[in-house]
Amino acid sequence: SSEYTYEMGALLVCPECAHEWSPAEASEGADDGPREIRDSVGNVLADGDTVVVVRDLKVKGSPTSIKVGTKVRGIRLVDGVDGHDIDCKVDGFGQMQLKSSVVKKA
């Protein structure tokens, strides 16, 4: 869902996180039922949860990174085709999207 996603050969690429996927994968993930989103250790996430970042995350355009242990409150789950399935506001960085694989439920 990034506005900077581009095609490279047969793959789509997110320049913000370097995630690559094929367009066929994006269409396979579309189903009628609600999708269950889990954090890095397998806990089910829900809207409004508080999560903790489990590894340093580089932020494009910023000289600093989001450090391990940073708490993110009030997440919102979104249907991100590029793997970014959490919409949130990180203190000191502002509004952004994260992958559920880099957070753990607090």
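Report on the accompanying structure. (Residues numbered from 1 in each chain as written. Predicted model: local features only at pLDDT ≥ 70, side-chain atom pairs only at ≥ 80, totals over all residues. Heavy atoms only, no water.)

Of note, Ser 101 is situated in the loop between β10 (94-99) and β11 (103-105). Beyond its immediate stretch of four places on either side in the chain, Ser 101 contacts Ser 40 and Val 54. (Helix = DSSP H or I, 4+ residues; strand = E, 2+ residues; numbered from the N terminus. Contact = heavy atoms within 4.5 Å.)

What follows deals with the pairing of β10. Inspection of the sheet shows strand β9 (residues 84-90) paired to β10 by six bridges, in the antiparallel sense. Note on β10: the bridge partner recorded for His 84 is Lys 99. Adjacent in sequence and paired antiparallel, β9 and β10 are bridged by three residues, among which Gly 92 carries a positive phi angle near 90°. (Pairing = 2+ DSSP bridges.)

A few words on the pattern of salt bridges. Scanning all chains against the criterion turns up three salt bridges. For Arg 38, the salt bridge goes to Glu 36, with nearest N and O atoms at 2.8 Å. A relative accessible area of 40% places Arg 38 in the partly exposed class. According to the relative accessible area criterion, Glu 36 is exposed, its value standing at 51%. (Salt bridge = Lys/Arg side-chain N within 4 Å of Asp/Glu carboxyl O. Buried < 20%, exposed > 50% of the residue type's maximum accessible area, 1.4 Å probe, protein only.)

This part is about the pairing of β9. Counting buried positions over the seven residues of β9 gives six, a clear majority of the element. Pairing of strand β8 (residues 76-77) with β9 involves two bridges; the strand directions are antiparallel. If you follow Leu 77 over to β9, its bridge partner there is Ile 86.

Right, let's talk about the state of the cysteines for a bit. Summed over the entire model, instances satisfying the criterion amount to zero disulfides. Cys 14 supplies the cysteine sulfur nearest to Cys 17, a cysteine that is in no disulfide, at a spacing of 3.8 Å. (Disulfide = S-S within 2.5 Å.)

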